[in-house]
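Residue-level listing of the chains:
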Amino acid sequence: MALKQYKEVLINPLVKENPITLQILGICSALAVTSNLNVTLIMCVALTSVVSLSNLFISIIRNYIPSSVRIIVQMTIIATLVILVDELLKAYDYETSKKLSVFVGLIITNCIVMGRAEAFAMKEKPFVSFLDGLGNGIGYSVILIGVAFIRELFGNGSLFGIPIFGDWYPTNNLLLLPPSSFIIIGLFIWLIRGYNNDQIEEDEFDLSKHSVSPNLEKRELNV
């Protein structure tokens, strides 16, 4: 694979093929851990580590995995990495680990991790699979950090727990509630698809002319 193709595998997931804004994956953690930038960064590092390393290890043994048990093998590798990340987090940053609660453990069910393992790592060589996982992890992180930045700054008036606006700024409870992440992600999708028209899906079917512009001169008999 040429250097240009390596670059595409790493760069495309940032915007063009972003797993959140294009594929709508990994939304649960975007709702749960984006009210504080510090917690969000830890979650991003955890998921990026798991998806890139799981892609690497799965690709290394891809030719030795029986097709009938490939999902079980993938989940075993991913679960092992998740447990390792969770234990390291508990050992070195226990307070953040408590704030993340079960969401680090739930990385094993994250569609980004399972999706890249099945769709890419099972078909490609180890290095490019690692780059694909790294790119998708960074793409996921870019959106989560953007959401967390907006929610914490305009919700609490702070960043990383440090006051930015001062005591005059009132708490915005709307942005502190998890559903606000849907609104912010929706705005990101709107901005990205406005910039990149290739991401706009075509209509599945054409609307009839009557439903678009009804004939107001038409008269019907009342029976």
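**Q** Is there a simple way to think about the overall build of the protein chain in this case?
**A** Counting its secondary structure elements, the protein chain contains 10 helices and 2 strands. Listed by position from the N terminus, the elements making up the protein chain come as α-α-α-α-α-α-α-β-β-α-α-α. By element, 64% of the accessible surface of the protein chain is carried by carbon and sulfur atoms, the whole surface being about 13600 Å².

**Q** What is the right way to look at the environment of Thr 80 in this model?
**A** Position of Thr 80 among the secondary structure elements: in helix H4 (residues 70-92). Given a relative accessible area of 49%, Thr 80 falls into the partly exposed group. Here the alpha-carbon distance between Thr 80 and Ser 54, two residues 26 residues apart in the chain, equals 9.3 Å. Polar contacts involving the side chain of Thr 80 include one to the main-chain carbonyl oxygen of Thr 76, which spans 2.8 Å.

**Q** Sorry if this is basic, but what is going on with the nonpolar core here?
**A** For soluble globular proteins, nonpolar side chains are generally found buried alongside one another. Counting 38 residues, the largest nonpolar core has Ile 107, Tyr 140 and Ile 185 as the members making the most contacts within it. Listing elements by their share of this core, those giving two or more residues are helix H2 (27-32), helix H3 (37-60), H4, helix H6 (111-121), helix H7 (126-156) and helix H9 (180-195). Ranked by the residues each element gives to this core, the list is headed by H3, at 8 residues. Once residues lying within four places of it in the same chain are set aside, the contact partners of Ile 107 are Met 43, Ala 46, Leu 47, Val 50, Val 82 and Val 113.

**Q** What should I look at first to understand the packing of H3 against H7 in this one?
**A** The relative placement of two packed helices comes down to the angle between their axes together with the axis-to-axis distance. Contact geometry for H3 and H7: axes closest at 8 Å, N-to-C directions at 165 degrees. Compared by their axis directions, H3 and H7 come out roughly antiparallel. In this structure, H3 crosses over H7, and the sense of that crossing is right-handed. Residues of the contact of H3 with H7, tallied by class, amount to 18 nonpolar, 9 polar and 2 charged.

**Q** How should I be thinking about H9 in this particular structure?
**A** Because an α-helix completes one turn every 3.6 residues, residues spaced three or four positions apart along the sequence face the same direction. In this model, H9 (16 residues) spans 23 Å end to end at C-alpha, consistent with the 22 Å of a helix rising 1.5 Å per residue. Here H9 has its buried residues at Ser 180, Ser 181, Ile 184, Ile 185, Phe 188, Ile 189, Ile 192 and Arg 193. The secondary structure elements touched by the buried residues of H9 are H2, H7 and helix H8 (173-176).

**Q** Sorry, what's going on with the packing of H3 against H6 here?
**A** Packing of H3 against H6 leaves a shortest axis separation of 9 Å and a crossing angle of 25 degrees. Here H6 runs roughly parallel to H3, going by the angle between their axes. The handedness of the crossing between H3 and H6 comes out as right-handed. Here H3 contributes Leu 47, Val 50, Val 51, Ser 54, Asn 55, Ile 58 and Ser 59 to the contact with H6, which in turn contributes Ile 112, Val 113, Arg 116, Ala 117 and Ala 121.

**Q** Would you mind going over unusual backbone geometry with me for this structure?
**A** Across the chain, the bulk of peptide bonds are trans and the bulk of non-glycine residues have phi less than zero. One non-glycine residue, Phe 160, adopts positive backbone phi at about 55 degrees. On the secondary structure map, Phe 160 appears in the loop between strand E1 (158-159) and strand E2 (162-163).

**Q** Is there a simple way to think about the pattern of salt bridges in this case?
**A** Oppositely charged side chains can pair when the atoms bearing their charge come close. Tallied over the entire structure, the rule returns 3 salt bridges. One salt bridge connects Arg 70 with Glu 118, and the closest N-O pair in it is separated by 2.8 Å. Taken together, the positions of Arg 70 in helix H4 and Glu 118 in helix H6 put the pair 48 residues apart, joining distant regions of the chain. Owing to a relative accessible area of 26%, Glu 118 belongs among the partly exposed residues under this scheme.

**Q** Explain the packing of aromatic side chains here, please?
**A** How two aromatic rings sit relative to each other is given by the distance of their centres and the angle of their planes. Per the stated rule, a full pass over the model turns up 4 aromatic pairs. For the pair Phe 165 and Tyr 169, a centre-to-centre distance of 4.8 Å together with 50 degrees between the ring planes defines the contact as tilted. Looking at Phe 165, the relative accessible area reads 24%, which means it is partly exposed. Here the aromatic rings of Trp 168 and Tyr 169 are separated by 5.7 Å at their centres, their planes lie at 90 degrees, and the arrangement is edge-to-face. In this structure an aromatic cluster arises from ring pairing among Phe 154, Phe 165, Trp 168 and Tyr 169.

**Q** What should I look at first to understand H6 in this one?
**A** Of all the residues in H6, the buried ones are Ile 112, Val 113, Met 114, Arg 116, Ala 117, Phe 120 and Ala 121. Those residues of H6 that are buried are in contact with helix H1 (3-11), H3, H4 and H7.

Conventions and cut-offs
Residues numbered from 1 in each chain as written. Predicted model: local features only at pLDDT ≥ 70, side-chain atom pairs only at ≥ 80, totals over all residues. Heavy atoms only, no water. Helix = DSSP H or I, 4+ residues; strand = E, 2+ residues; numbered from the N terminus. Areas by Shrake-Rupley, 256 points an atom, 1.4 Å probe, with all protein chains shown as cover. Buried < 20%, exposed > 50% of the residue type's maximum accessible area, 1.4 Å probe, protein only. Polar contact = N/O pair within 3.5 Å; in protein donor to acceptor, adjacent residues only side chain to side chain. Core = buried A, V, L, I, M, F, W, Y, C linked by side-chain atoms within 4.5 Å. Contact = heavy atoms within 4.5 Å. Axes fitted to C-alpha atoms, helices over the stretch in contact; angles between N-to-C directions. Parallel < 35°, antiparallel > 145°, perpendicular 65-115°, else oblique. Left-handed = near helix turned anticlockwise from the far one by under 90°. Nonpolar A, V, L, I, M, F, W, Y, C, P; charged D, E, K, R; others polar. Expected span 1.5 Å × (residues − 1). Salt bridge = Lys/Arg side-chain N within 4 Å of Asp/Glu carboxyl O. Phe/Tyr/Trp six-rings, centres within 6.5 Å; stacked < 30°, edge-to-face > 60°.

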